[in-house]
Amino acid sequence: MSQFLGPQTKLAELHVHLGSSVDPAVMWEISHAQGIKLPTKNYWQFVDMITVSPSKVKSFEDYLKMFKWTELIQSSPLAIEQSVYHTIAGAYRKNNITLLELRFNPMKRNRGGEQDLDQIMMAAIRGIDRSSLEYPVRTGLIICFDRTFNHAQNEILLEKALRYQSRGVVGIDIAGPSNKKFRYAECKDLYERARKAGLGLTVHAGEDEGHNSVRDVIEHLEPDRIGHGVRSIENDKTLEMVRSRGITLEVCPSSNLNTRVIKGVGHMKQVFRALDSHHIKYTINTDGPEMLITNLRGEIDFLLRNGILDEEGVLRANKYAFAATFIK
Ligand SMILES: [Zn+2]
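Here the structure is a predicted model, which means the values were calculated and not measured.

(A) Local environment of the environment of Glu240. Relative to the helices and strands, Glu240 is located in helix 10 (residues 236-244). Spatially, the C-alpha atom of Glu240 lies 9.0 Å from that of His279, the residues being 39 residues apart in sequence.

Encoded structure:
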């Protein structure tokens, strides 16, 4: 750990998916408490099933496949409350994260409509309430639309985000597997409604898809932030669009290495150099610490150790995270 980053340094993390941020031991307990039939024979095989390894994860799609299990295990009010609580508690205890934005798609956790969405939402809020009695973490929920959902389904998600805005929902996002038929423009009206209501807007782009996806979302959705967005560096004009609109990128280094979006340390250096030379604001995130076997301080150490960022750069990214939060 570098000198200025003592255990007391308060960190902010803005891009964390609930499906990849719960300790495997907790997920194991939740699975058993709910009687879920697991395909693994023992705990260690279970850990292997829900965490990355280079032999298993060779692409973005391989990575997303792991969410099938974590989303199933989290598909009940009890499981959501526990998952949210443990994610916040872990973030504070392991990293001294005092500001956390946690994102999830409640419709991927209701067993195809069998469970009530409002029960899922309220359970997430209870998880935050419980953690707030124990740890001083300002937490906000981001509701993820999905690229494989139709407009009507994503609209239901917007309705839930709006209904629970006064209870801790702070923003919306679009995530999920790539879908050739999906167009960001389809969500334009939903993003406009969210903006008018005062929700923060972020969207996954410039990750598995090229820099054009970044242009697309800026043009149609006008987000405040972009999840990843690292492939903006493929085009100077795209970088200039990001900069001139004051958009903050939520960069997730280990995640991009695991999904092969970034090909190695050398490529990672190029990405950060390009972002810095175009004066792009970015934050450092894990995407999902437990599934990726990392945490925010691990990401920071990795960047420092490899000379990708210096200490000043890390502090600046942390400052941008506190500044770009959707939590009011
Ligand atoms: Zn993500």
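Past the structure itself, the notes keep going.
(B) Representation of the nonpolar core in the model. Judged by nonpolar contacts, the single largest core of 90 residues is most densely connected at Ile97 and Ile172. With near-sequence residues (within four places) excluded, Ile172 lies in contact with Ile142, Ile143, Phe145, Leu158, Ala161, Ala194, Leu199 and Leu201.

(C) Molecular detail of helix 1 (residues 24-33). When helix 1 is considered as a whole, its buried residues turn out to be Met27, Ile30 and Ser31. Take helix 1 and look down its axis: the buried residues cluster within an arc of 100°, on one side only. Looking at helix 1, the residues exposed on the side facing more than 90 degrees away from the buried face are His32 and Ala33. Of the surrounding secondary structure, the elements contacted by the buried residues of helix 1 are helix 4 (67-73) and helix 5 (77-95). Looking one or two residues past helix 1, Gly35 carries a phi angle of roughly 65°, positive in sign.

(D) Fine view of helix 12 (residues 265-277). Its 13 residues give helix 12 an end-to-end C-alpha distance of 18 Å, which sits within 8% of 18 Å, the value for a rise of 1.5 Å per residue. Buried within helix 12 are the following residues: Met268, Val271, Phe272 and Leu275. Along the long axis of helix 12, the arc covered by the buried residues comes to 90°, so they all point the same way. Residues of helix 12 that are exposed and point over 90 degrees away from its buried face: Gly266, Arg273 and Ser277. Tucked inside the fold, the buried residues of helix 12 contact helix 11 (253-258) and strand 9 (281-284). Backbone geometry just after helix 12 places His279 at a positive phi near 55°.

Parameters and conventions
Residues numbered from 1 in each chain as written. Predicted model: local features only at pLDDT ≥ 70, side-chain atom pairs only at ≥ 80, totals over all residues. Helix = DSSP H or I, 4+ residues; strand = E, 2+ residues; numbered from the N terminus. Core = buried A, V, L, I, M, F, W, Y, C linked by C-beta atoms within 7 Å. Buried ≥ 20, exposed ≤ 12 C-beta atoms within 10 Å, placed from the backbone. Contact = placed C-beta atoms within 7 Å. Arc of directions from axis to C-beta. Expected span 1.5 Å × (residues − 1).

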